[in-house]
Amino acid sequence: MERYFQQEIECASREEIVAIQNKKLVEQVKHVWDNVPYYRKKMEEKGVKPEDIKSIDDLHKLPFLSKADLRDAYPYGLVGVPLKDCVRIQSTSGTTGKRVVAFYTQADIDLWEECCARAIVAAGGTNEDVCQVSYGYGLFTGGPGLNGGSHKVGCLTVPTSSGNTERQIMFIQDLSTTILCCTPSYAAYLGETMKEMGLTPEQIPLKAGIFGAEAWSEEMRHNIEETMGIKAYDIYGLTELSGPGVAFECSAQTGMHINEDHFIAEIINPETEEVLPDGEWGELVFTAVDKKAFPMMRYRTRDICKLSREKCSCGRTHVKMEKPRGRSDDMLIIRGVNVFPSQIETVLLEHGYQANYQIIVGRVNNTDTLDVHVEMTPEMFTDNVGEITKRQNELVAGLKSMLGLKAKVTLVAPKSITRSEGKAVRVIDNRKI
Ligand code: DLL
């Protein structure tokens with residue numbers, strides 16, 4: 001039987017959801033106009049006044065916010081309440097320019113943790129569960145967000161943070177952890193290590209995993225589910241909008257329900273900024289209608305995604321987003337061809353490899369080069385040159401048909417690519433240096 005953390009809102013009718021969104025949007029626009037001069041100026045430049053926004057049908061009139069705005073306004077320029085009312089900051093793991101710093105009131109934290117609690121309950125969590133949070137704690141939102149959600153559900157919470165793989169596995173075994181929360185790449189690594197230790201799925205007490213913070217494929221999900229004997233659920237979020245829990249997967253596992261009572265989603269064409277109908281791929285844009293300390297209006301996530309309003313078997317009524325295909329800023333342009341790392345990963349997994357690879361892009365004589373280093377699995381490991389060449393050629397052909405590009409593939413020994421305890425680093429683009 002499906003269980004919910006907040007059934008009334010998670011299963012509300014479309015009319016109820018729209019009514020909530022309309023009311024909250026009008027209030028939030030007024031809040032931002034009165035308290036965030038940076039955004040008020042953007043509205044003035046676009047000729048929009050708070051009274052022009054009467055319902056979500058007027059959303060398109062509002063200006064967008066982008067990462068560039070966040071950098072411009074860093075650190076306090078987008079804060080919507082007096083600093084004495086803020087109780088926390090969190091920050092992104094971004095590596096370019098200034099990090100994004102997001103602010104929270106206590107109420108903002110409560111609603112964030114409730115969103116994470118909805119995700120944990122959707123993955124089968126109850127107060128009988130032991131929930132190990134192996135996302136990083138600190139500025140990164142993964143650890144604090146799921147920690148808070150786990151408390152709200154009443155799980156026995158094990159705040160291991162990321163890293164120290166042997167200790168993670170020791171706690172899973174000793175405390176009979178039932179729910180594991182971490183990045184999918186770290187989950188794959190934990191699974192691989194457990195397998196090496198000779199643990200079979202039956203010997204692993206876990207029943208579910210809540211994995212997100214980076215793109216991962218269906219094949220990777222199946223691998224993790226098989227090695228650990230669990231059901232693996234996706235969870236999505238970003239620091240600007242609180243952190244994890246903006247959207248989460250339910251038992252149907254056909255997309256993630258967006259917590260629409262807090263976040264209004266739109267899909268736009270990233271080039272023209274035109275709003276696209278449900279079902280079309282484009283850039284995901286969110287308006288956070290409850291968060292008061294860091295009220296993001298029409299925030300451009302850069303995540304390439306699509307929305308679906310098909311009825312869900314779980315009973316939840318909130319719109320679903322598909323697994324993001326990648327980020328528009330992750331997209332590599334190689335010899336003029338758009339390449340997403342997720343496409344390369346799909347080919348590797350289809351050929352029986354695991355998601356342990358690195359993409360190295362370079363430029364020789366003004367021509368882009370694409371090198372893909374892929375780990376062999378222990379089962380396929382060999383030093384037979386003929387066999388390795390055959391396998392490499394198969395991957396070159398697979399990549400050619402997926403991308404329309406010739407890549408150089410190098411098979412490397414198992415475990416030779418550095419593992420990540422947080423988000424995996426898959427791309428090295430030497431062209432920028
Ligand atoms: O990654 C928040 C989070 C923590 C989500 C733990 C889920 C679990 P940021 O560091 O700000 O926040 O990075 C946000 O990560 O715009 C996406 O590009 C990517 N991302 C997050 N979740 C997923 C997912 C956290 N499930 C950025 N699938 C987002 C694909 C994801 N990409």
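Everything below is about the structure printed above this text.
All figures in this text were calculated on a predicted structure; none of them were measured in a lab.

### Considering the pattern of salt bridges
Argument step 1. Enumeration according to the criterion identifies 35 salt bridges in this entry.
Argument step 2. Each of the salt bridges in this network shares a partner with another, and the network as a whole consists of Glu192, Glu196, Glu375, Lys415 and Arg419.

### Comments concerning the sheet that holds strand β21 (residues 427-429)
Argument step 1. A sheet is described by the order of its strands in space; here 4 strands give the open sequence β20-β19-β18-β21, paired in mixed fashion. Among the strands making up the open sheet, the edge pair consists of β20 (408-412) and β21. Adjacent strand axes in the sheet meet at a mean angle of 20° when their direction is disregarded.
Argument step 2. As paired strands, strand β19 (residues 367-375) and β20 are joined by 5 bridges and run parallel to one another. Bridging from a neighbouring strand, Asp371 pairs with Lys408 of β20.
Argument step 3. Contacts from helix α10 (residues 341-350) reach β18 (357-364), β19 and β21, with the element oriented near 125° to β18.
Argument step 4. Packing of helix α11 (residues 385-403) onto the sheet brings it into contact with β19 and β20, and relative to β20 it is tilted by some 135°.

### Considerations on the environment of Gly336
Argument step 1. Note on placement: Gly336 falls in the loop between β16 (332-334) and β17 (337-339).
Argument step 2. Distance in space between the C-alpha atoms of Gly336 and Gly47 is 38 Å, their sequence separation being 289 residues.

### Brief notes about the site of the ligand
Argument step 1. Around the ligand, the structure places 21 residues, and the nearest of them are Asp234, Ile235, Thr239, Asp303 and Lys423.
Argument step 2. Between the ligand and Thr239, the relevant distance is 2.5 Å, taken from an oxygen atom to a side-chain nitrogen or oxygen of the residue.
Argument step 3. In this structure, an oxygen atom belonging to the ligand sits 2.6 Å away from a side-chain N or O atom of Asp303.
Argument step 4. Protein contacts shield 94% of the accessible area of the ligand, which totals 610 Å² for the unbound molecule.
Argument step 5. Here the shell around the ligand gets 5 residues from one element, more than from any other, and that element is strand β7 (residues 231-238).
Argument step 6. Looking at the shell around the ligand residue by residue, the class counts come to 9 nonpolar, 7 polar and 5 charged.

### A word on the pairing of strand β3 (residues 130-133)
Argument step 1. Burial along β3 is two-sided: the residues Val130 and Gln132 and Cys131 and Val133 are all buried.
Argument step 2. In this sheet, strand β4 (residues 156-158) lies alongside β3 in parallel orientation, the contact comprising 3 bridges. The partner of Cys131 across the bridge, within β4, is Thr157.
Argument step 3. This β-α-β element, β3 to helix α6 (residues 142-153) to β4, shows right-handed connectivity.
Argument step 4. Where β3 lies against strand β5 (residues 179-182), 3 bridges are found, and the strand directions are parallel. Residue Gln132 lies in a different strand from β5, and its bridge partner there is Leu180.

Thresholds, definitions, all that
- Residues numbered from 1 in each chain as written.
- Predicted model: local features only at pLDDT ≥ 70, side-chain atom pairs only at ≥ 80, totals over all residues.
- Heavy atoms only, no water.
- Salt bridge = Lys/Arg side-chain N within 4 Å of Asp/Glu carboxyl O.
- Pairing = 2+ DSSP bridges.
- Helix = DSSP H or I, 4+ residues; strand = E, 2+ residues; numbered from the N terminus.
- Axes fitted to C-alpha atoms, helices over the stretch in contact; angles between N-to-C directions.
- Contact = heavy atoms within 4.5 Å.
- Near = heavy atom within 4 Å.
- Polar contact = N/O pair within 3.5 Å; in protein donor to acceptor, adjacent residues only side chain to side chain.
- Areas by Shrake-Rupley, 256 points an atom, 1.4 Å probe, with all protein chains shown as cover.
- Nonpolar A, V, L, I, M, F, W, Y, C, P; charged D, E, K, R; others polar.
- Buried < 20%, exposed > 50% of the residue type's maximum accessible area, 1.4 Å probe, protein only.
- Right-handed = clockwise from strand over helix to strand, strands pointing away.

As far as function goes, none of this settles anything; it's purely spatial.
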